[in-house]
Amino acid sequence: EDNVPSDLLLMVTSCILESILCSSYDTTKPEHFAGLVQVLSKGHRALMAMLRSSTPIVTENTALLLQLLSTNSPETAQLIRNDALSSGVLLQHFHNAVFSPLEGQRFLSRYLCSLWMSGPMTCEEKQLLKRMVPMGFLGYLDMPILSQMEEDQLDALERGGIEE
């Protein structure tokens, strides 16, 4: 417990990294960007641990950084998916994606789950999903991409159902 950094320190660190690598990407020199991505790739397990933070901004910034690593370092993306699966973080965010009373938390957890389950149908993540979710729901995974209007209608329907 003594080695766990404070939420304030995690928040500041994640905000700085997010600012340098995501928000202000255009102003970061390419060589600095590549070096930071390489260092972040080596320390991706620390990012995975940050997903357990109770501070929403830390989780959001970490999700952005994980997306950045998945895009810019495919070999790290596979390591991240394996770590999410083996550490239980995937299960935690799957639960939050479905059951969290907070809309923002549901959307963020859904995004993270989609990031981690982006492999082929035979990957370990989707095999786990097949064991967790009733077979009748798995057909929805093969649904065509919804239009923006359809997404907005579903979001409005979801918000209305939760507020009642």
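Refer to the structure printed above.
Conventions adopted
- Residues numbered from 1 in each chain as written.
- Predicted model: local features only at pLDDT ≥ 70, side-chain atom pairs only at ≥ 80, totals over all residues.
- Heavy atoms only, no water.
- Disulfide = S-S within 2.5 Å.
- Buried < 20%, exposed > 50% of the residue type's maximum accessible area, 1.4 Å probe, protein only.
- Helix = DSSP H or I, 4+ residues; strand = E, 2+ residues; numbered from the N terminus.
- Expected span 1.5 Å × (residues − 1).
- Arc of directions from axis to C-beta.
- Contact = heavy atoms within 4.5 Å.
- Salt bridge = Lys/Arg side-chain N within 4 Å of Asp/Glu carboxyl O.
- Axes fitted to C-alpha atoms, helices over the stretch in contact; angles between N-to-C directions.
- Parallel < 35°, antiparallel > 145°, perpendicular 65-115°, else oblique.
- Left-handed = near helix turned anticlockwise from the far one by under 90°.
- Nonpolar A, V, L, I, M, F, W, Y, C, P; charged D, E, K, R; others polar.
- Core = buried A, V, L, I, M, F, W, Y, C linked by side-chain atoms within 4.5 Å.

Caption draft 1: Looking closely at the state of the cysteines. A full pass over the atoms with the stated rule returns 0 disulfides. The cysteine Cys15 is free of any disulfide, with Cys22 supplying the nearest cysteine sulfur at 11 Å. Relative accessible area serves as the criterion here: at 31%, Cys15 is assigned to the partly exposed category. For Cys22, a relative accessible area of 23% gives the class partly exposed.

Caption draft 2: Inspection of helix α2 (residues 30–42) at higher detail. Between its first and last C-alpha atoms α2 spans 18 Å; for 13 residues at 1.5 Å apiece the expected length is 18 Å, and the two agree. Taken as a whole, α2 has its buried residues at Phe33, Val37, Leu40 and Ser41. Seen end-on, α2 carries its buried residues on one side only, within an arc spanning 100°. Along α2, the residues that are exposed and aim more than 90 degrees away from the buried face are Glu31, Val39 and Lys42. The secondary structure elements touched by the buried residues of α2 are α1 (7–23), α3 (44–50), α4 (56–72) and α5 (74–87).

Caption draft 3: Representation of the pattern of salt bridges within the structure. Scanning the model with the defined rule gives 1 salt bridge in all. Among the ionic pairs, Arg45 bridges to Asp83, the shortest N-O distance being 3.4 Å. You can see Arg45 sitting in helix α3 and its partner Asp83 sitting in helix α5, a full 38 residues away along the chain. Here Arg45 falls in the exposed class, since its relative accessible area comes to 56%.

Caption draft 4: Spotlight on the packing of α4 against helix α7 (residues 103–116). Interhelical geometry of α4 versus α7 gives an angle of 20° and a closest axis separation of 11 Å. With respect to each other, α4 and α7 are oriented roughly parallel. Here α4 and α7 pass one another in a crossing that is left-handed. Residues Thr59, Glu60, Ala63, Leu66, Gln67 and Ser70 of α4 form the contact with α7, whose own contacting residues are Leu108, Tyr111, Leu112, Leu115 and Trp116. Taken together, the residues of the contact of α4 with α7 break down into 7 nonpolar, 3 polar and 1 charged.

Caption draft 5: Representation of the nonpolar core. Ranked by size, the top nonpolar core spans 28 residues in total, and within it Met48, Leu66, Leu112 and Trp116 carry the most contacts. Sorting the residues of this core by element identifies α1, α2, α3, α4, α5, α6 (89–99), α7 and α8 (124–132) as the ones contributing at least two each. Not counting residues within four places of it along the chain, the set of residues in contact with Leu66 comprises Leu47, Met48, Leu51, Ile80, Leu112, Leu115 and Trp116.

Caption draft 6: How the structure looks around the packing of α6 against α7. With their axes 7 Å apart at the nearest point, α6 and α7 run at an angle of 135° to one another. The orientation of α6 with respect to α7, classified from their angle, is oblique. Viewed along their axes, α6 and α7 form a crossing whose handedness is left-handed. Here Val89, Leu90, His93, Phe94, Asn96, Ala97 and Val98 of α6 lie close against α7, whose contacting residues are Gln105, Arg106, Ser109, Arg110, Leu112, Cys113 and Trp116.

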